[in-house]
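If you want the building blocks of each chain, they are given just below.
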Amino acid sequence: PLIFHKTGSDEKTIRGAIDQAAAVGFEMVIMTFGSGFNFESRDPTYLARYKALADYGRSKGVALGGYSLLASRGAGTAAENTQGAKPMYGVMPCLGAQWGRDYLAQIKRFCAEAGLSVLEHDGSYPGDRCAATNHPHHRGLADSQWVMWQSILDLYKWCRAEGVYLNIPDWYFLGGANKCGMGYRETNWSLPRAEQELIERQNIFDGTWQKTPSMGWMFVPLSQYHGGGAAATIEPLHEHLDHYEARLANLLGAGVQACYRGPRLFDTDETKAMVQKWVTFYKAHREVLHGDLIHLRRANGQDWDGILHVNPQGREKGLAFFYNPLTEPIT
């Protein structure tokens, strides 16, 4: 599905994001990291607000969901973090502690009561261990990895049973995940725009040897991400229309979805028409674009690069996509 990562989480702009997504054919809106959305809120008024927004999205054919961070953040108390083994990302709540179980139950509760259809779960299980012997749901170090893995797997099985789409950076496909990261460095999206275009195609080329294009997500900083300022971002969109189109061509031509992160998908009628053009292309060829990918030539900015999608059982058997980074036409 085509995914809009919405910055900001006030009701008016979320409705506007749903309207924009529906207008250009995007199929999901995720309240992105840093948007202010709080999956851990137990406030009935807050849940009711998002239920109304999710219902509004469904009426427009757009699924609504949100982002939640698990790894690299602390639990309710330091004692409920993993103990006695260095975490992979600085700090990790133990999912064998009561806080961890309550957190997982809260994700289910929020999705069920608010009717959210997407969970983007960040750092769900990096393989951390816990040596605590006083956490109620595991005995000690020896069983900690298994217990945490099983508890996160139970959440993902529940999500898929309830029709909740799963964007997860870890390799959980056999447990129900829909996507993992294509494989990129986040700081790349703070580089100047021209460099991002090239690196994007390299990342896709490198990230599709062991997975099909639709299994990995990429990233498009419509507004500023880590840094880089105006040189790295696309907003105002109509002022960088050629670059915005190049990013859509890179990604949708490869059959790859990205987190298009910003306050809006279009700002003028011209921008809207350009986005619609590429969404229409993608949907017209979706079957073959989701097939296996033959790697023709990796991007280096010095000559053409290209890929060939193949799907022997499909209506369209193949679709080749070539890119010319030079300033003159080539044959």
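Since we're looking at a predicted model, the values are computed, not measured. (Residues numbered from 1 in each chain as written. Predicted model: local features only at pLDDT ≥ 70, side-chain atom pairs only at ≥ 80, totals over all residues. Heavy atoms only, no water.)

*Asks:* Pulling in residues and values, what's your account of the sheet that holds strand 8 (residues 257-262)?
*Replies:* Spatially, the eight strands line up as an open sheet ordered 5-4-3-2-1-8-7-6, and their pairing is parallel. The open sheet terminates on both sides in strands that have one partner only, identified here as strand 5 (165-167) and strand 6 (180-181). As defined by bridge partners, strand 6 adjoins strand 7 (residues 216-221) across two bridges and the pair is classed as parallel. Note on strand 7: the bridge partner recorded for C180 is G216. (Pairing = 2+ DSSP bridges. Helix = DSSP H or I, 4+ residues; strand = E, 2+ residues; numbered from the N terminus.)

*Asks:* Account for empty space enclosed by the protein, with residues named and values stated.
*Replies:* On inspection of all chains with the given rule, the structure shows one cavity of 30 Å³ or more. Taken together, R201, I204, F205, N250, A254, R297, R298, A299, D305, G306, I307 and Y323 make up the full set of residues lining the largest cavity. Sorting the residues of the lining of the largest cavity by element identifies helix 5 (193-207) and strand 10 (305-310) as the ones contributing at least two each. (1 Å grid on protein atoms, 1.4 Å probe; cavity = no way out; pocket = protein on both sides within 12 Å on 5 of 7 lines; lining within 4 Å. Points joined across faces, edges and corners; volume = space filled by probe spheres on them.)

*Asks:* Outline the environment of L95, supporting the account with residue identities and numerical values.
*Replies:* Turning to its location among the elements, L95 is positioned in the loop between strand 3 (63-69) and helix 3 (98-114). For L95, a relative accessible area of 0% gives the class buried. Counting along the chain gives 49 residues from L95 to S144, while the straight-line C-alpha distance between them is 8.6 Å. With residues up to four places along the chain from it excluded, the contact list for L95 reads L70, G100, R101, L104, M148, S151 and I152. (Buried < 20%, exposed > 50% of the residue type's maximum accessible area, 1.4 Å probe, protein only. Contact = heavy atoms within 4.5 Å.)

*Asks:* Summarise the side chain of Q202; cite the residues concerned and give the values.
*Replies:* Inspection of the secondary structure assignment puts Q202 in helix 5. For Q202, a relative accessible area of 17% translates into the label buried. Setting aside chain neighbours within four positions, we find Q202 in contact with R298, A299 and N300.

*Asks:* Please set out the nonpolar core residue by residue, giving values where relevant.
*Replies:* Core analysis: the biggest nonpolar cluster contains 88 residues, and F26, Y260 and L265 have the highest contact counts within it. Looking at this core, the element that brings in the most residues is helix 3, giving seven residues. Residues within four places of F26 in sequence aside, it is in contact with L2, I3, F4, A21, V62, Y260, L265, V275 and V279. In terms of nonpolar packing, the next biggest core, distinct from the first, is built from six residues, M28, I30, A63 and Y165 among them. (Core = buried A, V, L, I, M, F, W, Y, C linked by side-chain atoms within 4.5 Å.)

*Asks:* Quick one: what's the story with the sheet that holds strand 10, residue by residue and with numbers?
*Replies:* The strands that make up a sheet are held in pairs by hydrogen bonds between backbone atoms, and each pair lies either parallel or antiparallel. Read across the sheet, three strands follow the order 9-10-11 without closing on themselves; strand pairing throughout is antiparallel. Each edge of the open sheet is held by one strand with a lone partner, namely strand 9 (292-297) and strand 11 (318-323). If you compare each strand with its neighbour and ignore which way they point, the axes differ by 15° on average. In terms of strand pairing, strand 10 meets strand 11 through six bridges, oriented antiparallel. Across the sheet, H309 pairs through a bridge with L319, a residue of strand 11. The strands touched by helix 6 (residues 241-253) within the sheet are strand 10 and strand 11, with strand 11 carrying the most contacts at an inclination of about 145°. (Axes fitted to C-alpha atoms, helices over the stretch in contact; angles between N-to-C directions.)

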